[in-house]
Amino acid sequence: MALSKESTALTVEENLMTTRYDQPTPAARAFNQLFRLLAEVGISVAGTMAIRVRGRKTGKRRGVVVNLLSVDGRDYVVSPRGNTQWVRNARAAGRIEMGPRWRTREVGIAEVPDDAKPALLKRYLDRWFWEVKGHVGGLTPQSSDAELRATAPSIPVFELRR
């Protein structure tokens, strides 16, 4: 079956949406590292949490700082930059380590389906837009439901399973 030019373009566009990765600048990396180090010693700044994920190829633990979103007694982590290394590693492992270094605990994760993401993304943006603006696929706290639904596939969201 031959694909039309329009359906090919849509497939490529959909693929780009789900594999988006907004790579951090060196300054952003340094800033994130500072917040990760603080979170690893137990100092949370505006809801930050240190997580560690085993590498897919090396097996080495890699640390990153995320914002822990709690909604109705459930905890979520969001990757506003898209399909990052920690996201790929977490998907492969199905688990992450979280918390300060002296109280690390391993938790399972479950990726949230795209249709359930808009409400979570809205809450995330309401709280942390000041921190992640420019890295959430063009979304803002004022984004419409349609904009949230359209961008949701490019923003991985995981529920933590304790």
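Scroll up to find the structure this text is about.
Residues numbered from 1 in each chain as written. Predicted model: local features only at pLDDT ≥ 70, side-chain atom pairs only at ≥ 80, totals over all residues. Heavy atoms only, no water.

Moving on, we get to the side chain of Asp75. Topologically, Asp75 is positioned in strand S3 (residues 74–78). Given the relative accessible area of 14%, Asp75 is considered buried. Here Ser70 takes part through its side chain, which lies 2.5 Å from a polar atom of the side chain of Asp75. The contact partners of Asp75, leaving out residues within four places of it in the chain, are Leu68, Leu69, Ser70, Phe158, Glu159, Leu160 and Arg162. (Helix = DSSP H or I, 4+ residues; strand = E, 2+ residues; numbered from the N terminus. Buried < 20%, exposed > 50% of the residue type's maximum accessible area, 1.4 Å probe, protein only. Polar contact = N/O pair within 3.5 Å; in protein donor to acceptor, adjacent residues only side chain to side chain. Contact = heavy atoms within 4.5 Å.)

As for its position among the elements, Val64 is in strand S2 (residues 61–71). A relative accessible area of 21% means that Val64 is categorised as partly exposed. Those residues in contact with Val64 that lie beyond four places of it in its chain are Arg36, Met49, Ala50, Ile51 and Trp86.

Enumeration according to the criterion identifies 2 aromatic pairs in this entry. Summarising the aromatic geometry, the rings of Trp86 and Phe158 are spaced 6.0 Å apart at their centres and angled 50° between planes, so their arrangement reads as tilted. Of this pair, Trp86 sits in helix H3 (residues 85–93) while Phe158 sits in strand S6 (residues 157–161), placing them 72 residues apart in sequence. Both residues of the pair, Trp86 and Phe158, count as buried. Relative to Trp128, the ring of Tyr124 lies with its centre 5.1 Å away and its plane at 50°, an arrangement referred to as tilted. One end of the pair, Tyr124, and the other, Trp128, are both in helix H4 (residues 117–132), 4 residues apart, so they sit about a helical turn from each other. The pair formed by Tyr124 and Trp128 is uniform in burial state, with each residue classed as buried. (Phe/Tyr/Trp six-rings, centres within 6.5 Å; stacked < 30°, edge-to-face > 60°.)

Read around the barrel, 6 strands follow the order S1-S2-S3-S6-S5-S4 and close on themselves; strand pairing throughout is antiparallel. Ignoring strand direction, the axes of neighbouring strands in this sheet form an average angle of 45°. The sheet contact formed by strand S1 (residues 48–54) and S2 spans 7 bridges and is antiparallel. The partner of Thr48 across the bridge, within S2, is Asn67. Its contacts with the sheet put H3 on S1, S2, S3, strand S4 (95–98), strand S5 (105–111) and S6, and the angle it makes with S1 is roughly 60°. On top of the sheet, H4 reaches S2, S3 and S6; it is set at about 110° to S2, its chief contact. (Pairing = 2+ DSSP bridges. Axes fitted to C-alpha atoms, helices over the stretch in contact; angles between N-to-C directions.)

Treat this as a map of the structure, not an account of what it does.
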